[in-house]
Amino acid sequence: MGSNPPNLGRVMSSWLNKLIGSSKKETDSVLGINLSPEHASWCLVKKVGNEFLAQASHSVQQAFSSPLAAFQGLIESATLPKAPCHICLDHSYYNMLLVDAPDVPDDELAEAVKWKIKDLITQDVENVVVDAFRLPQDAYRGRMNMLYVAVTEMGLVQQLVDECDKADLSLQSIGVNELSMAALCRRVVAENDVSAAFLYMNGNSGTINLIEQGYLYLTRSIDLGSAAGTFSGNLDFQQDPVDNVALDVQRSLDYYESQLGKSGVNTLYLVVADEQHKAWCDGLTERLPVKAQLFELDGYEGNAISGEMGIVAPALGAALGGFYESA
């Protein structure tokens, strides 16, 4: 691998190459789709010169039993635009593992990693699809060669491929939420933000992603538990979810600086839809050495963006990642 960080959109796209042999080509419009247990959304983005403009978006908020159910619910609620399509899966639909990178070329990486992680997962490796992306070379001060591995059920991917075929959609890739956040960061974060932290929450779980110049260096899961935010009956021992989240973020920032050798994070962006999560900004700013603020789709707002930004944002990131992948 060269000196540049990995392509943002590459994660899981090789799954599709194996299943349908998808080909990628430059286009002026890309459709991003986000699927999660509690909502689904799409965002159509058009490239005009060097600018990206949201042409339309749509979202559905309800409980879904699977990514396929979320996709079907989205299709039934509104007609999907006919454009090259990139799907972003919610973090609950796959496992993300950090492992030592095997000493193989990039085109052999996924297969080598598949057998490397077989003892780290509960599923049979023959029934999962695996893809991997390397961390930038300056991560861990160059002392370790690490990569993230995304693992999900083969049947889940095949169902989405089949459904896209039924809907006559040109499916290009199925990716992960973390890289959707990285694509957003690459496009939206101001140039003077050397690094940024993105907190994505969906229900009582989410991810913390540490990103520099659009490249993912660190991701960690957050799980507040089903009892988060409920009254325990004892005020002296009542847990404040803001305290728990702030602790997780602080641990991530400390690891980012001490182990990965990175620094300069000055903003924590909250990609959230729940009103309780939105109210965390002031409390997190008080508890952390960085400013917490709601992620706003600057440059994309207006009639083209409908619904909660915290719901549409991953779909927008998936579309942007599609543009970066084809560049």
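Residues numbered from 1 in each chain as written. Predicted model: local features only at pLDDT ≥ 70, side-chain atom pairs only at ≥ 80, totals over all residues. Heavy atoms only, no water.

A. Fine view of the overall build of the protein chain. When helices and strands are tallied, the protein chain shows 9 helices and 13 strands. In the protein chain, which comprises 327 residues, the proportion classed as buried is 54%. A total of about 14,500 Å² of accessible surface is found on the protein chain, and carbon and sulfur atoms cover 45% of it. (Helix = DSSP H or I, 4+ residues; strand = E, 2+ residues; numbered from the N terminus. Buried < 20%, exposed > 50% of the residue type's maximum accessible area, 1.4 Å probe, protein only. Areas by Shrake-Rupley, 256 points an atom, 1.4 Å probe, with all protein chains shown as cover.)

B. How the structure looks around the packing of aromatic side chains. Under the criterion given, the structure shown has 8 aromatic pairs. Arranged with centres 6.1 Å apart and planes meeting at 80 degrees, the rings of phenylalanine 52 and tyrosine 324 form a pair that is edge-to-face. Taken together, the residues span a long stretch of sequence, with phenylalanine 52 in strand β3 (residues 51-61) and tyrosine 324 in helix α9 (residues 309-326) at a distance of 272 residues. Residue phenylalanine 52 is classed as buried on the basis of its relative accessible area, which comes to 7%. An aromatic cluster is built from Phe52, Phe323 and Tyr324, whose rings are joined through pairwise contacts. Here arginine 186 stacks its cationic end above the ring of tyrosine 324, 4.0 Å away from the centre of that ring. (Phe/Tyr/Trp six-rings, centres within 6.5 Å; stacked < 30°, edge-to-face > 60°. Lys NZ or Arg CZ within 6 Å of the ring centre and 35° of its normal.)

C. Highlighting helix α8 (residues 280-287). Of the residues making up α8, those classed as buried are Trp280, Cys281, Gly283 and Leu284. Those residues of α8 that are buried are in contact with β9 (195-202), α6 (241-258), β12 (265-271), α7 (275-278) and β13 (291-294). (Contact = heavy atoms within 4.5 Å.)

D. Inspection of the pairing of β3 at higher detail. Here strand β2 (residues 39-48) runs beside β3; their pairing, made up of 10 bridges, is antiparallel. In the sheet register, valine 48 faces β3, and the bridge partner there is glutamate 51. The hairpin turn running from β2 into β3, its antiparallel successor, is 2 residues long, and glycine 49 in that turn takes a positive phi close to 65 degrees. (Pairing = 2+ DSSP bridges.)

E. Spotlight on the pattern of salt bridges. For the structure on display, the rule yields 8 salt bridges. A salt bridge links aspartate 138 to lysine 262; its shortest N-O distance comes to 2.8 Å. Residue aspartate 138 is located in the loop between β6 (128-134) and β7 (146-153), and its partner lysine 262 is located in the loop between α6 and β12; the two are separated by 124 residues in the primary sequence. Taking the relative accessible area as the measure of exposure, lysine 262 reaches 9% and is therefore buried. (Salt bridge = Lys/Arg side-chain N within 4 Å of Asp/Glu carboxyl O.)

F. Representation of the sheet that holds strand β4 (residues 85-89) in the model. Pairing within the open sheet is mixed, and its 5 strands lie in the order β3-β2-β1-β4-β8. Each edge of the open sheet carries a strand with a single partner, namely β3 and β8 (171-176). Taken pair by pair, the neighbouring strands of this sheet meet at an average axis angle of 20 degrees, ignoring direction. Relative to β2, strand β1 (residues 29-35) is paired through 7 bridges, and the arrangement is antiparallel. Residue pairing across strands places leucine 31 opposite leucine 44, the latter belonging to β2. Helix-sheet contacts for helix α4 (residues 154-166) involve β1, β4 and β8, and the interaxial angle to β8 is about 145 degrees. (Axes fitted to C-alpha atoms, helices over the stretch in contact; angles between N-to-C directions.)

G. How the structure looks around the side chain of serine 36. Note that serine 36 resides in the loop between β1 and β2. Using a relative accessible area of 0% as the deciding quantity, one classes serine 36 as buried.

H. Fine view of α4. For α4, built from 13 residues, the straight-helix expectation of 18 Å at 1.5 Å per residue is met to within 8% by its first-to-last C-alpha distance of 19 Å. Taken from the residues just after α4, aspartate 168 is the one with a positive phi, measuring 60 degrees. (Expected span 1.5 Å × (residues − 1).)

I. Representation of the confidence of the model for the protein chain within the structure. Confidence in the prediction of the protein chain, expressed as mean pLDDT, is 83, and 81% of residues score 70 or more. When the criterion is pLDDT under 50, residues 226-238 qualifies, and its contacts beyond four places in sequence or with other chains add up to 8 contacts. (pLDDT = per-residue confidence, 0-100.)

J. Quick look at the environment of valine 48. One can find valine 48 in strand β2. Since its relative accessible area comes to 43%, valine 48 is described here as partly exposed. Distance from valine 48 to aspartate 28, taken between C-alpha atoms, is 7.4 Å for residues 20 residues apart in sequence.

K. Inspection of the sheet that holds β7 at higher detail. What the 3 strands build is an open sheet, ordered β5-β7-β6; its pairing is antiparallel. Of all strands in the sheet, those bounded by a partner on one side alone are β5 (95-100) and β6. Each neighbouring strand pair of the sheet contributes to a mean axis angle of 25 degrees, computed without reference to strand direction. Here β5 runs beside β7; their pairing, made up of 6 bridges, is antiparallel. Across the sheet, residue methionine 96 finds its bridge partner in β7, namely alanine 150. Contacts between helix α3 (residues 109-116) and the sheet are confined to β5, β6 and β7, with β6 contributing the most and set at about 115 degrees to the helix. Of the strands in this sheet, β6 and β7 touch α4, which is tilted by about 70 degrees from β7.

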